[in-house]
Amino acid sequence: MVAEHRIPELELTVKVRMRLLPVRREVEVITEQWGKVSYEGGNKQYARGAGARVARQWQFRKGPDGRRRLVETFRYDSRDMTDPLRQTVLDGGWVWRQVFFGS
């Protein structure tokens, strides 16, 4: 089973691949992410494995005092997608197991 979330604002795609193992009542999970690196130049990046992915977008804007400030304009946290999936698996009495390099 695959859950995919595309975030056009960040040119980011996050996939959560879940393999159901009914005999063990277990779900093996690997998370993949494609997007642009956050530094200038915008090279593509690919990440795979366990762990949360947080992506942010920043802009300079004028503050109330007229000075320019760096302000976060967009934020994505992969836990917003994986936490409900994991909770559904756990509520069903199954085990959620992160796989680091695929299997």
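Residues numbered from 1 in each chain as written. Predicted model: local features only at pLDDT ≥ 70, side-chain atom pairs only at ≥ 80, totals over all residues. Heavy atoms only, no water.

Here's the deal with the overall build of the protein chain
Part 1: Along the backbone of the protein chain there are 1 helix and 7 strands.
Part 2: Taken from N to C terminus, the helices and strands of the protein chain fall in the order β-β-β-β-β-β-α-β.
Part 3: Put simply, of all contacts in the protein chain between residues at least 6 apart along the chain, 40% involve residues at least 24 apart. (Helix = DSSP H or I, 4+ residues; strand = E, 2+ residues; numbered from the N terminus. Contact = heavy atoms within 4.5 Å.)

Quick notes on the pattern of salt bridges
Part 1: All told, the structure shown has 12 salt bridges when counted by the stated rule.
Part 2: Between glutamate 26 and arginine 24 there is a salt bridge, and its shortest N-O distance comes to 2.9 Å.
Part 3: The salt bridge partner of arginine 86 is aspartate 83, with a shortest N-O separation of 3.0 Å. You can see arginine 86 and its partner aspartate 83 sitting in helix α1 (residues 79-91), 3 residues apart, about one turn around the helix.
Part 4: Among the residues examined, arginine 86 registers a relative accessible area of 30% and is labelled partly exposed.
Part 5: A single salt-bridge network, built from bridges that share partners, covers Arg19, Arg24, Glu26, Glu28 and Arg97. (Salt bridge = Lys/Arg side-chain N within 4 Å of Asp/Glu carboxyl O. Buried < 20%, exposed > 50% of the residue type's maximum accessible area, 1.4 Å probe, protein only.)

Focus on the packing of aromatic side chains
Part 1: All chains considered together, the criterion is met by 0 aromatic pairs.
Part 2: We note arginine 68 situated over the ring of phenylalanine 60; from NZ or CZ to the ring centre the distance is 4.5 Å. (Phe/Tyr/Trp six-rings, centres within 6.5 Å; stacked < 30°, edge-to-face > 60°. Lys NZ or Arg CZ within 6 Å of the ring centre and 35° of its normal.)

A closer look at the nonpolar core
Part 1: Membership of the largest hydrophobic core comes to 14 residues, with the highest contact counts inside it found for Leu12, Val16, Met18 and Tyr76.
Part 2: Those elements giving two or more residues to this core turn out to be β1 (2-7), β2 (12-21), β3 (26-36) and α1.
Part 3: With 4 residues, the single largest contributor to this core is β2.
Part 4: Ignoring any residue separated from it by four or fewer positions in sequence, one finds tyrosine 76 in contact with His5, Ile7, Leu10, Leu12, Val14, Arg53, Val54, Ala55 and Met81. (Core = buried A, V, L, I, M, F, W, Y, C linked by side-chain atoms within 4.5 Å.)

Section: α1
Part 1: In a regular helix each residue adds 1.5 Å, so 13 residues correspond to 18 Å; α1 covers 17 Å between its end C-alpha atoms and thus fits that length.
Part 2: Every buried residue of α1 is listed here: Met81, Thr82 and Val89. The buried side chains of α1 occupy one side of the element, clustering within an arc of 85° when seen end-on. Summarising the geometry of α1, the exposed residues directed more than 90 degrees from the buried face are Asp80, Thr88 and Asp91.
Part 3: Trailing α1 by a residue or two, glycine 93 shows a phi angle of about 85°, which is positive. (Expected span 1.5 Å × (residues − 1). Arc of directions from axis to C-beta.)

Topic: a nonpolar patch on the surface
Part 1: There is a patch of nonpolar side chains on the surface, built from Trp58, Phe60 and Leu70 and spanning about 340 Å² of accessible area.
Part 2: Within the secondary structure, leucine 70 is located in strand β6 (residues 68-77). (Patch = residues over 30% accessible without salt bridge, like charges linked within 9 Å, V, L, I, M, F, W, Y side chains within 5 Å. Areas by Shrake-Rupley, 256 points an atom, 1.4 Å probe, with all protein chains shown as cover.)

Brief notes about the side chain of threonine 31
Part 1: Here threonine 31 lies in strand β3.
Part 2: We classify threonine 31 as buried; its relative accessible area is 2%.

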